[in-house]
Amino acid sequence: MMKKDMIYEGKAKKVFKTDDSKRYIVGYKDDATAFNGEKKGTIVGKGIINNKMSALVFKLLEGRGIPTHFIDILNDREMMVKAVEILPLEVIVRNVAAGSLAKRLGIDEGTEMKEPVLEFCYKNDDLGDPMINEYHIKAIDLATEEQIQLIKRYSLKINEILKRFFIERNIKLVDFKLEFGTHDGEVILADEVSPDTCRLWDADTNKKLDKDRFRRDLGDVEEAYNEVLGRILF
Ligand code: UDP
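We now turn to the structure provided with this report.

What counts, and where the lines are drawn
One numbering rule holds for all chains: residues counted from 1, following each sequence as written. Given that the model is predicted, a residue must reach a pLDDT of at least 70 before its local features are reported, and side-chain atom pairs must reach 80 or more before they are shown or counted; all residues, however, enter totals for whole chains, interfaces and linings. With hydrogens and water excluded, all non-hydrogen atoms of the structure serve as input to the side-chain values. Here, any two strands with at least 2 DSSP bridges between them count as paired. Strands here mean DSSP runs of E at least two residues long; helices mean DSSP runs of H or I at least four residues long; both are numbered from the N terminus. Helix axes are fitted to C-alpha atoms over the stretch in contact, other axes to C-alpha atoms as well, and angles between N-to-C directions run from 0 to 180 degrees. Distances are taken per atom, and a residue is near a molecule or strand as soon as one of its heavy atoms is within 4 Å of it. In this description, accessible areas are obtained by the Shrake-Rupley approach with a 1.4 Å probe, and a residue is regarded as covered only by the protein chains that are shown. The residue classification treats Ala, Val, Leu, Ile, Met, Phe, Trp, Tyr, Cys and Pro as nonpolar and Asp, Glu, Lys and Arg as charged. All others, Gly included, are polar.

**Describing the sheet that holds strand β6 (residues 70-73)**
Piece 1. Spatial ordering of the open sheet is given by β1-β2-β3-β7-β6, a layout of five strands whose pairing is antiparallel. Two strands in the sheet have a free side with no partner beyond their single neighbour: β1 (3-9) and β6. When the angles between neighbouring strand axes are averaged without regard to direction, this sheet yields 30°.
Piece 2. Here β1 pairs with strand β2 (residues 13-18) via four bridges, running antiparallel. Opposite E9, over in β2, you have K14 as the bridge partner.

Okay, here's the thing in structure tokens:
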């Protein structure tokens, strides 16, 4: 498979065309941004960790019946994926209050949700990814009713699979963000699943093992990413 032109460069990843129009190559970078690009930095080795972790999670999910864009890992920083058109939605699933939910609802970080909370945001950097609901999604034509229902079903199932997967590794899955795309008309999970996109807390100490260490200047950022990868590779 030949790597061809880069078609997209985001904050943490690059996407390349290949000689097969149905496949892309995703390359994971060490660059980190937060607060809609206001804070910039580098997390050394992050690209390698996020590539490995995402590959492992996508394989786990595929085995449990969730269709994903993952095809194969190519090297330390790159994976082969199915070419998708990303739906301009961020799907957030929450088990424990943190971040914007804690702030918005005035709930202490760390408070358990009685049941998983699902949120949608409109993926639009200029607008700062505003939260929207299913009515907005249909009214401005971001996805169809059928796609929304499928995305909700997949997201809640992914949450059940990943909650259990992480707790077996003594990690609490606090919340995470998913992105879906369409490939041959089918909705499949795309983007990445990594400490950049999940809040992961040590189950005993609640130590943050994710990008909040970068966002909030908590230190030991690289160590935290390595700790997560170490625990999931065991
Ligand atoms: N998240 C993400 N990308 C975004 C926004 C959020 O990966 O653009 C993830 C974030 O890492 C966390 C979850 O989604 O695991 C919920 O984030 P929240 O809404 O609390 O936003 P934040 O506090 O990060 O601004």
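**A few points about the site of the ligand**
Piece 1. Close to the ligand lie 15 residues, the nearest being R94, S100, D175, R199 and R215.
Piece 2. Protein contacts shield 76% of the accessible area of the ligand, which totals 500 Å² for the unbound molecule.
Piece 3. When residues of the shell around the ligand are traced back to their parent elements, those giving at least two are β9 (89-96), α2 (99-105), β12 (171-183) and β14 (198-202).
Piece 4. Tallied by class, residues from the shell around the ligand come to four nonpolar, three polar and eight charged.

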